[in-house]
Amino acid sequence: FVFNTFINCETSVNNITFSNNTYGLYAMQLDNASTINNCQANYNTYGMYLASGSGTTIDIKNTNVDANDYIGICAENISLNIRCGSVKNNGTWGIYILNNSILNISSLLNAGYVDVSGNFRAISADNVNSIYLDAGYNYLANDEDYAGNLIIQGTLINHPCYTPLIADNNKWHINDLIEPA
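The structure reproduced in this document is the subject of the present report. (Residues numbered from 1 in each chain as written. Predicted model: local features only at pLDDT ≥ 70, side-chain atom pairs only at ≥ 80, totals over all residues. Heavy atoms only, no water.)

Attention now goes to the overall build of the protein chain. Helix and strand counts for the protein chain come out as 0 helices and 16 strands. Taking all contacts inside the protein chain whose residues are at least 6 apart in sequence as the whole, residues at least 24 apart take part in 57%. Carbon together with sulfur atoms contributes 48% to the accessible area of the protein chain, which is approximately 8500 Å² in total. (Helix = DSSP H or I, 4+ residues; strand = E, 2+ residues; numbered from the N terminus. Contact = heavy atoms within 4.5 Å. Areas by Shrake-Rupley, 256 points an atom, 1.4 Å probe, with all protein chains shown as cover.)

This is the structure in structure tokens:
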């Protein structure tokens, strides 16, 4: 399913299933805040590709992006908020963010509660501004806990060096227990 351009419009995508395509959802030039709600993007080569020239905000709520061949969600120059849903069992990366993007899966910022398990890498970041995980109550572990399988990898360009990325209250390993407060 392809949306080529969202210039000067706020978009809501609701209750749609994207399956068995090269891209489940492919959206470029997202210039205004948009929402993806109660959708499924499963069994595609790539689950969702979202790109903006302006760094707009995209909210993904109650959506499952699972079992895609390579990437669950790819976001380029996007402020991406994900709340309640899953991005799991994708072939390579669950969430791949790049070029000045921000990923928010923290309940402190009205997001989180996301299952990002079973991917080779849960989150990959390539020159992004920040990742917010604290109090996310997310499931980030790879079910197999493969040796050398990093859960999060990449570069944060606006995060001060030697400053920890706070990520309490997330499940990192199969046997971790977390309960929302």
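From this point, the discussion proceeds with the structure in view.
Here we take up the pattern of salt bridges. Side-chain pairs of opposite charge can arise where the charged atoms are in close proximity. Throughout the structure, instances matching the rule amount to 1 salt bridge. Of the charged contacts, one joins Lys88 and Asp115 as a salt bridge, the two residues approaching to 3.7 Å between their closest N and O atoms. Taken together, the residues span a long stretch of sequence, with Lys88 in the loop between β10 (79-86) and β11 (93-98) and Asp115 in strand β13 (residues 112-115) at a distance of 27 residues. Residue class for Asp115 comes out buried when judged on its relative accessible area of 18%. (Salt bridge = Lys/Arg side-chain N within 4 Å of Asp/Glu carboxyl O. Buried < 20%, exposed > 50% of the residue type's maximum accessible area, 1.4 Å probe, protein only.)

This part takes up unusual backbone geometry. Note: most residues except glycine have negative phi, and most peptide bonds are trans. For Gln29, which is not a glycine, the phi torsion comes out positive at approximately 55°. Despite not being glycine, Tyr43 has its phi angle at roughly 65°, a positive value. In this fold, Tyr43 is placed in the loop between β6 (40-42) and β7 (46-51). Tyr43 sits in the exposed class, given a relative accessible area of 57%.

Following the sequence through the fold, Asn77 ends up in the loop between β9 (71-76) and β10. In this structure the C-alpha to C-alpha distance between Asn77 and Ile97, which are 20 residues apart in sequence, comes to 8.1 Å.

Here we come to the nonpolar core. Counting 34 residues, the largest nonpolar core has Leu50 and Leu80 as its most contacted members. Taken together, the elements giving at least two residues each to this core come down to β4 (23-27), β7, β8 (57-64), β9, β10, β11 and β14 (121-128). Ranked by residues supplied to this core, first place goes to β14 with 4 residues. With 7 residues, the next largest nonpolar core counts Tyr26, Ala51, Cys74 and Leu98 among its residues. (Core = buried A, V, L, I, M, F, W, Y, C linked by side-chain atoms within 4.5 Å.)

Attention now moves to the packing of aromatic side chains. Within this structure, the stated rule accounts for 7 aromatic pairs. Lying over the aromatic face of Tyr139, Lys171 brings its terminal NZ or CZ to 4.6 Å of the ring centre. (Phe/Tyr/Trp six-rings, centres within 6.5 Å; stacked < 30°, edge-to-face > 60°. Lys NZ or Arg CZ within 6 Å of the ring centre and 35° of its normal.)

To continue, consider the environment of Thr63. Mapped onto the elements of the fold, Thr63 is located in strand β8. Sequence separation between Thr63 and Asn14 is 49 residues, and the spatial gap between their C-alpha atoms is 9.4 Å. Apart from the residues lying within four places of it in its own chain, the contact partners of Thr63 are Ile36, Asn37, Asn38, Cys39, Met48, Cys84, Gly85 and Ser86. Within the structure, Thr63 has its side chain in polar contact with the backbone oxygen of Lys61 (distance 2.9 Å). (Polar contact = N/O pair within 3.5 Å; in protein donor to acceptor, adjacent residues only side chain to side chain.)

If you trace the backbone, Ser34 turns up in strand β5 (residues 34-37). Since its relative accessible area comes to 6%, Ser34 is described here as buried. A distance of 3.1 Å separates the side chain of Ser34 from the backbone oxygen of Asn32, its partner in a polar contact.

Remark: a regular strand shows side chains that alternate across the two faces of the sheet. Side chains Ser34 and Ile36 of β5 all project onto a buried face; the interleaved residues Thr35 and Asn37 project onto the opposite face, where all are buried too. Relative to β5, strand β2 (residues 12-14) is paired through 3 bridges, and the arrangement is parallel. Bridge assignment links Asn14 to a residue of β5, and that residue is Asn37. (Pairing = 2+ DSSP bridges.)

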